[in-house]
Amino acid sequence: MKRIFLDHASSTKVDDEVIQAMLPFFSKFYGNPSSIHAFGREAREAVDAARTHVGEILGARDDEIIFTAGGTESDNLAIKGIAYLNKDKRTTKGPHIITSTIEHPGVLEACRHLETQGFQVKYVPVDNQGIVDLESLRDSISKNTFLLTFMFANNEIGTIEPIEEIGKIAQEHDIIFHTDAVQAVAKVPIDVKKQHIDLLALSSHKIYGPKGIGALYIRNGIKVQPIIHGGGHEKGIRSSTLNTPGIVGLGKACELATKRMKKDNIYIKTLRDLLIKNILQIEESHLNGHPEKRLMNNAHFRFTGIEGESLLLGLDEQGIATSTGSACSSQKLQASHVLLAIGLDPVQAHGSLRLSLGRENTKEEITYASKAIPQIVDKLRNMSPLWNR
Ligand SMILES: Cc1ncc(COP(=O)(O)O)c(C=O)c1O
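Residues numbered from 1 in each chain as written. Predicted model: local features only at pLDDT ≥ 70, side-chain atom pairs only at ≥ 80, totals over all residues. Heavy atoms only, no water.

A. Representation of the packing of aromatic side chains. Evaluated as defined, the whole model comprises 4 aromatic pairs. Each ring, one from Phe25 and one from Phe29, has its centre 5.3 Å from the other, and the planes form 45°; the classification is tilted. According to the relative accessible area criterion, Phe25 is buried, its value standing at 13%. Note on Phe29: relative accessible area 22%, which makes it partly exposed. (Phe/Tyr/Trp six-rings, centres within 6.5 Å; stacked < 30°, edge-to-face > 60°. Buried < 20%, exposed > 50% of the residue type's maximum accessible area, 1.4 Å probe, protein only.)

B. Representation of the site of the ligand within the structure. Taken together, 13 residues sit near the ligand, with Thr72, Asp180, Gln183, Ser203 and Lys206 positioned nearest. His104 places a side-chain nitrogen or oxygen 3.5 Å from an oxygen atom of the ligand. Separating an oxygen atom of the ligand from a side-chain N or O atom of Lys206 is a distance of 2.6 Å. Its free accessible area being 390 Å², the ligand has 89% of it covered by the protein chains. By residue number, the principal contributor to the shell around the ligand is helix H4 (residues 71–83), which donates 3 residues. Looking at the shell around the ligand, its residues break down into 2 nonpolar, 8 polar and 3 charged. (Near = heavy atom within 4 Å. Polar contact = N/O pair within 3.5 Å; in protein donor to acceptor, adjacent residues only side chain to side chain. Areas by Shrake-Rupley, 256 points an atom, 1.4 Å probe, with all protein chains shown as cover. Helix = DSSP H or I, 4+ residues; strand = E, 2+ residues; numbered from the N terminus. Nonpolar A, V, L, I, M, F, W, Y, C, P; charged D, E, K, R; others polar.)

C. How the structure looks around the domain arrangement of the chain. Taken domain by domain, the chain consists of domain 1 (4–12 + 261–383) and domain 2 (16–256). Computed from C-alpha coordinates alone, the two centres of domain 1 and domain 2 are separated by 27 Å. Across the contact, 32 residues belong to domain 1 and 32 residues belong to domain 2. Note on domain 1 versus domain 2: buried area summed over both sides is about 2,600 Å², and carbon and sulfur give 56% of it. Ranking the residues of domain 1 by area buried against domain 2 places Thr12, Met261 and Leu295 at the top, with a combined share of 23%. The interface formed by domain 1 and domain 2 holds 19 residue pairs in polar contact (both at pLDDT 80 or more) in total. Only helix H8 (244–279), strand S10 (298–303) and helix H10 (337–341) provide two or more residues apiece to the side of domain 1 that touches domain 2. Here the element with the most residues in the side of domain 1 that touches domain 2 is H10; it accounts for 4 residues. For the side of domain 1 that touches domain 2, the class distribution of residues is 10 nonpolar, 17 polar and 5 charged. (Domains from an automatic or database assignment. Contact = heavy atoms within 4.5 Å. Buried area = accessible area lost by both parts, 1.4 Å probe.)

D. A look at the nonpolar core. If you look at the biggest cluster of nonpolar residues, it comprises 59 residues, and the most contacted ones within it are Leu58, Val185 and Leu200. Element by element, the count of residues in this core is highest for H8, at 6 residues. Beyond its immediate stretch of four places on either side in the chain, Leu58 contacts Ile65, Val185, Ile190, Asp191, Val192, Leu200, Leu202 and Tyr217. Grouped together as the second largest cluster of nonpolar side chains are 27 residues, Leu6, Ile268, Ala299 and Leu380 included. (Core = buried A, V, L, I, M, F, W, Y, C linked by side-chain atoms within 4.5 Å.)

E. Structural context of the sheet that holds strand S4 (residues 121–124). In spatial order, the strands read S2-S8-S7-S6-S5-S3-S4; together these 7 strands make up an open sheet with mixed pairing. The open sheet has two free edges, formed respectively by strand S2 (65–68) and S4, since each of these has just one partner strand. The sheet shows a mean angle of 20° between the axes of neighbouring strands, taken without regard to direction. Looking at chain direction, S2 and strand S8 (residues 214–218) are connected through 4 bridges and run antiparallel. By the bridge assignment for S8, Ile65 is matched with Tyr217. Packed onto the sheet, helix H3 (residues 38–58) meets S2, strand S7 (199–203) and S8 and runs at close to 110° relative to S2. Packing against the sheet, H4 makes contact with S2, strand S3 (97–100), strand S5 (147–149), strand S6 (176–180), S7 and S8, and its axis sits at approximately 160° to S7. (Pairing = 2+ DSSP bridges. Axes fitted to C-alpha atoms, helices over the stretch in contact; angles between N-to-C directions.)

F. Focus on the pairing of S4. Summarising the sheet, S3 and S4 pair through 4 bridges and their orientation is parallel. When the sheet's bridge partners are listed, Ser100 is paired in S4 with Val124. Each parallel crossover has a hand, and for S3 linked through helix H5 (residues 105–116) to S4 it is right-handed. (Right-handed = clockwise from strand over helix to strand, strands pointing away.)

G. Geometry of the environment of Met151. One can find Met151 in the loop between S5 and helix H7 (163–172). Classification of Met151 by relative accessible area gives buried; the value is 3%. Along the chain, Met151 and Ala181 lie 30 residues apart, while their C-alpha atoms are 6.1 Å from each other. Excluding residues within four positions of it along the chain, Met151 makes contact with Ile102, Glu103, His104, Glu161, Ile163, Thr179 and Asp180.

H. Representation of unusual backbone geometry in the model. The residue Ala186 is not glycine, and still its phi comes out positive at about 75°. Along the chain, Ala186 turns up in the loop between S6 and S7. In this structure, Tyr208 takes a positive phi of about 70° despite not being glycine. Within the secondary structure, Tyr208 is located in the loop between S7 and S8.

Spelled out as structure tokens, the structure:
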């Protein structure tokens, strides 16, 4: 059976060049990068080179990059690390942290945890295409607000947020601005200085690098309190022996992305546009999210009268991997908080399916999926009490 991976927002295949770059750091250059002997120095050099590549894709300096174990940890470090330094602003007056209703759990749960610690958090709504309501954001700012955290692009519906404008608002009010850019890196041009970003979270496994490694950009001059204490690695901000193979892999993935991004993204967008065009020919099918301000690899549909889960399973039987929500929440049966936030009702939310493309997908695969989806939708509708032709 053909196997087609259309779930690149959940994870990606590690690029062969990334694997080749990593391999020697398991067996030959296995020294601890903190050691001062030659084994350690070899590893340290590779870590330094990777740091430069990660900085390059963001328009940041290498000394502004801290390695972590992934996007979730980077988000937690940014949000809690800033909040703990602003404990004095834990009063009942006004929202102190402002975020949106459609963030990834890595941000939302960190904020909810801080609410149990006496911090106040304001969750700003989005419109029905997933764009953050900037008026509501402006109105929510009080003199106690110390942090804005807004995702660069949404992991479910792919909507790209007005990050530069949010950055400007933060700058005007002298508030620190963190963005979860896990889905945006390598897909959207990022320039942390121009976009007024103070902290930015990224993850390697979304950009053809290995799992379990990520980074946090911290603008020079911004202080972050560590959430993991230990031997003082990463300037004391993130203790634990550095994951040299992972870091080398992330560095290589960023280096490749910087080189290939333009060309890859045009190719992937062409396939994605073809997929959207084909699927929207299905009766009562709709595209969720913004029609243009969306990640070039994301297609998110809802189909009246069927359940996304059944569609996903039907496609899986035909070798096609898709998703009904974010990878982390797709095992839960509640309707996606993102889809509810853009105004869908729970039935509509449950009738949704995400397809996310990557650089190995081919036109043949898209044609195959474009034939399989209408057939399964039709079969499910024929059995559905919700479908009234
Ligand atoms: C927007 C967003 N933020 C954070 C994460 C978490 O990243 P990681 O899996 O590296 O912890 C993800 C992963 O799905 C994501 O899509």
